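Single-letter residue listing:
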Protein chains: 4
Amino acid sequence: MVDQRRRTDLAVEAAQLWRESGGAGALPGVTQEEAVREGFQVETVRILNQRGAEALGKPEGNYVTLSLAGLARREKDAFGRAARAVAAELSALLKLEPGESVLVVGLGNRAITPDDIGPRAADHTLATRHLVEQVPEHFASFRPVAALAAGVLGSTGVESGELVRAVADRISPARVVAVDALASRSLSRVCATVQLSDTGIVPGSGVGNARFALNQETLGVPVIAVGVPTVVDAATLAADVLAQAGRDNLDPDALRGAGDGLLVTPRDIDQRVADLAKVIGYGINLALQPDLTIEDIDLLLS
Amino acid sequence: MVDQRRRTDLAVEAAQLWRESGGAGALPGVTQEEAVREGFQVETVRILNQRGAEALGKPEGNYVTLSLAGLARREKDAFGRAARAVAAELSALLKLEPGESVLVVGLGNRAITPDDIGPRAADHTLATRHLVEQVPEHFASFRPVAALAAGVLGSTGVESGELVRAVADRISPARVVAVDALASRSLSRVCATVQLSDTGIVPGSGVGNARFALNQETLGVPVIAVGVPTVVDAATLAADVLAQAGRDNLDPDALRGAGDGLLVTPRDIDQRVADLAKVIGYGINLALQPDLTIEDIDLLLS
Amino acid sequence: MVDQRRRTDLAVEAAQLWRESGGAGALPGVTQEEAVREGFQVETVRILNQRGAEALGKPEGNYVTLSLAGLARREKDAFGRAARAVAAELSALLKLEPGESVLVVGLGNRAITPDDIGPRAADHTLATRHLVEQVPEHFASFRPVAALAAGVLGSTGVESGELVRAVADRISPARVVAVDALASRSLSRVCATVQLSDTGIVPGSGVGNARFALNQETLGVPVIAVGVPTVVDAATLAADVLAQAGRDNLDPDALRGAGDGLLVTPRDIDQRVADLAKVIGYGINLALQPDLTIEDIDLLLS
Amino acid sequence: MVDQRRRTDLAVEAAQLWRESGGAGALPGVTQEEAVREGFQVETVRILNQRGAEALGKPEGNYVTLSLAGLARREKDAFGRAARAVAAELSALLKLEPGESVLVVGLGNRAITPDDIGPRAADHTLATRHLVEQVPEHFASFRPVAALAAGVLGSTGVESGELVRAVADRISPARVVAVDALASRSLSRVCATVQLSDTGIVPGSGVGNARFALNQETLGVPVIAVGVPTVVDAATLAADVLAQAGRDNLDPDALRGAGDGLLVTPRDIDQRVADLAKVIGYGINLALQPDLTIEDIDLLLS
């Protein structure tokens with residue numbers, strides 16, 4: 001069983017922690033695969049049954065982790081390749097028929113940069129539901145998509161989870177895609193990784209507080225989560241800094257509480273959040289509207 | 001009966017049109033009063049029965065029009081006086097008990113300046129509902145308020161009316177306050193007037209297209225509308241320009257259709273919309289949280 | 001000689017007015033050509049000498065007008081084609097050697113939508129000057145470009161022209177590219193046309209007031225102007241509306257003054273300004289950094 | 001002499017470090033006073049001569065530190081009191097005659113939240129220079145103020161220091177006020193303190209890299225710096241976290257380098273930066289335009 005004191009939202013890190021905690025041999029009820037998509041590394045963790053769920057502390061389902069570090073290095077064609085990689089992995093999880101409608105929600109608080117990845121990704125998502133209905137002569141071939149930057153609890157007074165359920169109840173989409181910030185235990189994964197899963201999401205588990213789960217059980221339709229680790233907690237940082245300095249081998253849990261109220265992020269967090277939100281938004285658009293190119297989206301979103 | 005071809009969202013203009021159309025004597029089923037509040041002119045039209053409703057082409061209820069022209073002239077203390085005047089008139093229509101909750105919705109499209117008055121007013125509204133629940137030690141004395149910039153059809157794919165109904169259904173407020181842009185037939189009233197009424201609203205009747213009415217019938221609670229005329233139509237403008245030039249006395253309806261697709265606004269529309277949205281937001285805050293001063297709100301909204 | 005009462009910032013309209021005013025035969029000292037670039041119509045007016053300058057009321061030089069109406073119709077590939085067309089025409093006027101530096105300035109007032117085209121285009125321009133100096137290992141192959149959204153007189157208290165001269169004096173670019181809003185006399189050209197010229201610009205001649213010319217004489221280097229007509233004056237509108245209605249054949253000048261203080265714009269002005277600003281920004285990037293693709297720019301600007 | 005390895009931009013912390021480093025008795029060439037202004041603590045450090053400058057590692061002059069912690073606690077009237085306290089201390093340093101003009105510059109990178117305090121404060125500053133010149137009938141009694149959010153190196157390609165010098169050369173103000181982010185060694189001072197000094201500033205010493213000093217020597221007029229500590233470095237954090245956990249007494253310098261590339265900020269950094277920027281902007285307005293009230297500024301800035 002995973003060491004519960006060590007917090008991570010990434011299935012791939014949970015599997016690693018299981019091994020570090022002394023787990024020998026194969027993880028029970030879990031399979032892992034590696035692949036390369038558009039030049040980026042893809043790790044897939046499948047939790048097959050209850051035993052696997054207990055071992056990793058996560059619900060049964062598929063977790064796909066894309067490593068997009070090349071984006072920050074501005075590698076050649078990195079934007080298009082990253083958006084197409086997100087689109088391909090997302091399509092595989094969505095399993096949509098033509099014409100089925102989708103609700104895309106960007107969770108998180110706009111006023112906290114590392115928590116703004118969801119709302120910014122929603123900003124880059126093409127909302128087409130009204131066009132399909134009102135201008136069918138031009139948009140009949142588009143999939144109906146509604147997009148909601150839902151997480152603005154601070155400025156609306158309404159919980160993200162409440163708002164999404166209210167809207168999903170009314171518009172009855174075939175699938176929900178929920179984009180949110182996550183917490184990672186590794187500085188190197190922060191703002192460099194995207195996890196897609198078909199198990200839904202608990203809004204705010206990364207930066208804020210959990211309240212309302214969004215999943216098949218609560219919304220009645222499959223919920224595909226797109227998560228980006230954008231923060232690491234201060235206690236983990238302190239332990240990492242000491243380890244790098246060769247001075248200590250403290251467990252972060254020994255420090256738990258000392259750095260509460262602090263955010264530790266990469267210095268270029270705003271740029272990285274902007275990059276990843278755009279890649280995810282474009283990836284969603286390419287997955288949902290497969291006839292469009294990136295340049296088409298450039299114009300439709302301008 | 002009002003000349004239906006001449007379009008106005010303001011009850012006070014509808015009454016004037018009735019007279020211009022040859023209505024003699026008193027308007028049947030309608031009363032009108034004038035007063036001064038904080039130095040601004042207040043005109044109240046009360047539609048008392050079905051006869052009045054037919055004469056003015058508007059539902060029964062109270063329509064209060066504040067003339068805030070002094071704001072654009074930057075008169076001394078104009079901001080505080082205007083916000084307090086809005087607050088006083090709004091309170092009289094809201095008839096709230098302490099602790100009753102309110103949903104404030106800003107209707108309109110953020111991407112069209114004259115239609116952005118509602119969303120911007122919502123931005124200036126203090127959302128307190130989550131604080132009252134989560135931090136009662138500091139916020140128990142606040143009225144629970146949820147605030148929603150609802151009208152972003154173009155970027156969400158969901159109709160404003162749909163979104164507001166979905167949220168109102170879930171959070172069950174005691175009242176809804178809906179801020180929206182209106183159309184006026186008079187250039188002098190554009191961006192210089194606020195109409196408050198207790199009859200609800202049809203989103204987008206000013207700039208876009210009507211779809212979902214928001215009123216007691218559809219939401220189950222009283223809906224107080226706060227409307228600001230921000231546009232005048234091109235045909236009305238053409239007739240007005242000609243009349244000023246002394247060249248013609250055309251009826252705007254003769255020109256209907258010729259200027260479709262055009263917006264006619266004051267040159268300083270962005271500044272005026274910014275001013276009025278702030279006055280309305282602060283007025284709503286003063287009406288809903290009567291213990292706060294303008295400086296308190298300055299800090300809470302920063 | 002052109003009828004000076006009829007105002008236009010477009011050379012192609014000035015030539016048309018010369019003909020409407022009874023000019024027979026060829027315009028003296030002026031040549032005109034038509035071509036197609038990336039599927040868009042290109043009209044080039046060359047004012048060859050002082051006689052041509054007097055006839056059209058504009059300085060000697062080259063004026064290239066691109067008709068981008070297809071953009072608003074969301075034609076296939078319209079974004080990329082339009083950006084490449086702007087880039088090609090701009091390159092021909094810039095006549096740059098590799099490594100020569102450029103200052104791009106976006107003129108206009110951010111708080112007035114039709115006047116925000118320049119600042120928004122500057123937002124879409126890649127500023128590379130600091131990178132070329134500070135990170136030569138990655139950016140040595142980039143042209144040094146500085147980008148300035150200069151026109152915020154209202155929020156800075158400094159005239160655009162003053163600010164641009166101050167910056168140009170200090171950084172000594174080889175060329176200046178200045179993007180600004182223009183006025184057109186034709187509703188059909190508004191927000192559908194881009195004029196490029198090598199004669200410099202008078203900031204604010206479109207929407208605000210002229211103050212400081214930006215040209216070879218004042219800045220000491222060639223100034224390429226990129227102008228977009230985004231407004232039409234109210235008097236022109238009134239005359240056009242009447243003509244369409246078949247009711248009158250008034251000259252706009254007869255109405256001059258009656259509609260002062262009003263802006264007449266397309267209803268979807270915000271979308272059109274956003275589209276064109278993005279096309280111009282990307283066009284500038286493609287012209288200045290010819291090794292980049294649109295997807296590269298997507299990432300570098302995210 | 002101050003331990004140079006320990007970095008702080010605050011004179012009051014430098015004095016404290018001198019004592020911690022074993023400095024006995026009075027600091028040579030330095031005086032310190034405490035006072036209370038509008039309910040907030042004010043500590044003034046005066047560096048009187050070269051000996052004091054060497055002891056604290058800062059230029060001769062006056063350093064006034066306001067502790068505004070009450071702001072984050074939303075104390076009654078905190079906004080108005082804080083703005084007036086900033087105004088009073090700033091006025092004392094500015095020593096302005098009526099009518100003398102001022103250039104206010106907000107340094108820092110808009111795209112990094114803790115570095116955006118300067119640009120945001122400039123956004124809240126009333127720019128009046130153009131109004132005094134163009135509309136003297138209304139604005140003759142206003143002091144001419146130009147306001148510049150100068151620090152957008154990443155988006156302009158021009159160094160803040162270069163840009164400010166270019167503009168100051170051209171408009172020749174009597175004083176420059178420069179707002180910038182600082183680094184502190186104390187978590188408790190971060191986003192809770194404002195330092196005003198009459199010694200000028202080195203842009204980016206807090207978050208980015210120093211390049212161009214702004215002071216009397218480089219600009220030819222007195223430069224009043226308004227600095228807000230918004231970050232603490234990761235090594236200091238690690239040492240602090242360990243000390244709080246009772247596990248170590250490491251000197252941060254032993255860890256130097258291990259946490260490079262990370263930002264450590266309060267979790268509510270965006271809200272705190274927004275609060276302080278507004279307080280500073282309003283404080284500057286009250287200092288420069290003493291006839292205005294906060295409500296007047298509310299309207300003029302809307």
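Here's a quick rundown of the structure. (Residues numbered from 1 in each chain as written. Chains lettered and ligands numbered in written order. Predicted model: local features only at pLDDT ≥ 70, side-chain atom pairs only at ≥ 80, totals over all residues. Heavy atoms only, no water.)

## Section: the overall build of chain A
Helices and strands together make up the secondary structure of chain A, namely 14 helices and 9 strands. In chain A, which comprises 302 residues, the proportion classed as buried is 63%. Considering only contacts in chain A between residues 6 or more positions apart, those separated by 24 or more positions represent 70%. (Helix = DSSP H or I, 4+ residues; strand = E, 2+ residues; numbered from the N terminus. Buried < 20%, exposed > 50% of the residue type's maximum accessible area, 1.4 Å probe, protein only. Contact = heavy atoms within 4.5 Å.)

## Some details on the side chain of R165(D)
Along the chain, the position of R165(D) falls in helix α9 (residues 160-171). Those residues within four positions of R165(D) in sequence are excluded, and the remaining contacts are R170(C), F212(D), A213(D), L214(D), T218(D) and L219(D).

## Some thoughts on the packing of aromatic side chains
Residue and element names in this part refer to chain A. Tallied over the entire structure, the rule returns 8 aromatic pairs over all chains. Ring centres of F79 and Y282 lie 5.2 Å apart, and the angle between their planes is 70°; this geometry places the pair in the edge-to-face category. Here F79, found in helix α4 (residues 78-94), pairs with Y282, found in helix α13 (residues 269-288); they are 203 residues apart in sequence, far enough to count as distant. Looking at F79, the relative accessible area reads 1%, which means it is buried. Over the ring of F79 we find K278, and its NZ or CZ is 5.7 Å from the ring centre. (Phe/Tyr/Trp six-rings, centres within 6.5 Å; stacked < 30°, edge-to-face > 60°. Lys NZ or Arg CZ within 6 Å of the ring centre and 35° of its normal.)

## Focus on the pattern of salt bridges
Side-chain pairing between opposite charges can occur once the charged atoms of the two side chains come close. Residues and elements named next belong to chain D. With the rule as written, the count across this model stands at 43 salt bridges over all chains. Residue R37 is joined to E89 by a salt bridge in which the shortest nitrogen-to-oxygen separation is 2.9 Å. Placement of the pair is R37 in strand β1 (residues 30-37) and E89 in helix α4 (residues 78-94), with a sequence separation of 52 residues. Looking at R37, the relative accessible area reads 32%, which means it is partly exposed. (Salt bridge = Lys/Arg side-chain N within 4 Å of Asp/Glu carboxyl O.)

## Points about the sheet that holds strand β7 (residues 193-197) of chain D
All names here are of chain D. Judged by pairing direction, the sheet is mixed, and its 8 strands sit side by side in the order β1-β2-β3-β7-β8-β6-β4-β5 without closing on themselves. Looking at strand neighbours, the two that pair on one side only are β1 and β5 (145-149), the edges of this open sheet. Direction aside, neighbouring strands of the sheet carry axes that sit 20° apart on average. Bridge analysis of strand β4 (residues 102-106) against strand β6 (residues 175-183) gives 5 bridges, and the strand direction is parallel. Across the sheet, G106 pairs through a bridge with V179, a residue of β6. Here α4 sits on the sheet in contact with β1, β2 (40-47), β3 (61-67), β6, β7 and β8 (223-231), set at roughly 175° to β3. (Pairing = 2+ DSSP bridges. Axes fitted to C-alpha atoms, helices over the stretch in contact; angles between N-to-C directions.)

## Structural notes on helix α1 (residues 11-20) of chain B
Residue and element names in this part refer to chain B. Counting buried positions over the 10 residues of α1 gives 7, a clear majority of the element. Tucked into the core, α1 has its buried residues touching β1 (30-37), β2 (40-47), α2 (50-56), β3 (61-67) and β7 (193-197). Directly after α1, the chain includes G22, whose backbone phi takes a positive value near 100°.

## Notes on the packing of helix α4 (residues 78-94) of chain C against helix α13 (residues 269-288) of chain C
Residues and elements named next belong to chain C. Where α4 meets α13, the closest approach of the two axes is 7 Å, and the angle between their N-to-C directions is 50°. Accordingly, the angle class assigned to the pair α4 and α13 is oblique. As for the relative orientation of α4 and α13, their crossing is right-handed in sense. Together, F79, A82, A83, R84, V86, A87, L90, S91 and L94 of α4 and K278, V279, Y282, G283, I284, L286, A287 and L288 of α13 make up the contact between the two elements. (Parallel < 35°, antiparallel > 145°, perpendicular 65-115°, else oblique. Left-handed = near helix turned anticlockwise from the far one by under 90°.)

## Quick word on the environment of P98(A)
Tracing the backbone shows P98(A) in the loop between α4 and β4 (102-106). We classify P98(A) as exposed; its relative accessible area is 74%.

## Comments concerning the relation of the copies chain C and chain A
Note on the identical chains: chain C maps onto chain A by a rotation of 180° and an axial translation of 0.0 Å, with an RMSD of 0.0 Å. Such values leave the two copies arranged in the relation of a two-fold axis. Interface overlap between copies: 100% of the residues of chain C at the interface are likewise at the interface in chain A, consistent with a symmetric, same-surface contact. (Least-squares fit on C-alpha atoms with pLDDT ≥ 70 in both.)

## Structural notes on the pairing of β2(D)
Residue and element names in this part refer to chain D. When you tally the buried positions in β2, you get 6 out of 8 residues, the bulk of the element. Alignment of β1 against β2, held across 8 bridges, turns out to be antiparallel. From the neighbouring strand, T31 faces β2, where its bridge partner is R46. Between β1 and β2, which pair antiparallel in sequence order, lie 2 residues; one of them, E38, sits at a positive phi of approximately 55°.

## What to know about helix α1 (residues 11-20) of chain D
Given 3.6 residues per helical turn, the α-helix brings residues three or four places apart onto the same face. Residues of α1(D) that are buried: A11(D), V12(D), E13(D), A14(D), A15(D), L17(D) and W18(D). On its buried side, α1(D) packs onto β1, β2, α2 (50-56), β3 and β7 of chain D.

## Structural notes on the interface of chain C and chain A
Every contact between the two is made by 21 residues of chain C and, on the other side, 21 residues of chain A. Taken over both partners, the interface formed by chain C and chain A buries close to 1,800 Å², and the fraction arising from carbon and sulfur atoms is 49%. The largest share of the area that chain C buries against chain A comes from E295(C), L299(C) and S302(C), three residues that together contribute 35% of it. Counting across the chain C and chain A interface gives 4 salt bridges. The salt bridge involving K278(A) is made with D298(C); its shortest N-O contact spans 4.0 Å. For the interface between chain C and chain A, the tally reads 2 residue pairs in polar contact (both at pLDDT 80 or more). Contributions of two or more residues to the side of chain C that touches chain A are made by α4, α13 and α14 (294-300) of chain C. Top element by residues in the side of chain C that touches chain A is α14(C). It accounts for 6 residues. Residues belonging to the side of chain C that touches chain A are distributed by class as follows: 8 nonpolar, 3 polar and 10 charged. (Buried area = accessible area lost by both parts, 1.4 Å probe. Polar contact = N/O pair within 3.5 Å; in protein donor to acceptor, adjacent residues only side chain to side chain. Nonpolar A, V, L, I, M, F, W, Y, C, P; charged D, E, K, R; others polar.)

## Some words on the sheet that holds β2(B)
Strand pairing in a sheet relies on backbone hydrogen bonds. The paired strands run either parallel or antiparallel. Residues and elements named next belong to chain B. Spatially, 8 strands are ordered β1-β2-β3-β7-β8-β6-β4-β5 in an open sheet, and the strand pairing comes out mixed. Each end of this open sheet is capped by a strand with a single partner; those strands are β1 and β5 (145-149). Adjacent strand axes in the sheet meet at a mean angle of 20° when their direction is disregarded. Bridge count for β3 against β7 is 5 bridges, and the pairing is antiparallel. Its bridge partner lying in β7, L66 is registered against V194. Against the sheet, helix α9 (residues 160-171) makes contact with β4 (102-106) and β5, and its axis sits at roughly 170° relative to β4, the strand it touches most.

## Here's the deal with the pairing of strand β8 (residues 223-231) of chain B
Residue and element names in this part refer to chain B. In terms of burial, β8 is a largely internal element, 9 of the 9 residues being buried. Two elements, strand β6 (residues 175-183) and β8, share 8 bridges in a ladder whose sense is parallel. Opposite A181, over in β8, you have V228 as the bridge partner. Pairing of β7 with β8, which is carried by 3 bridges, proceeds in the antiparallel orientation. Note that in β8 the partner of L196 across the bridge is V226.

## Overview of the environment of L219(B)
Structurally, L219(B) is set in helix α10 (residues 216-219). Between the C-alpha atoms of L219(B) and R175(B), which are 44 residues apart in sequence, the distance is 9.4 Å.

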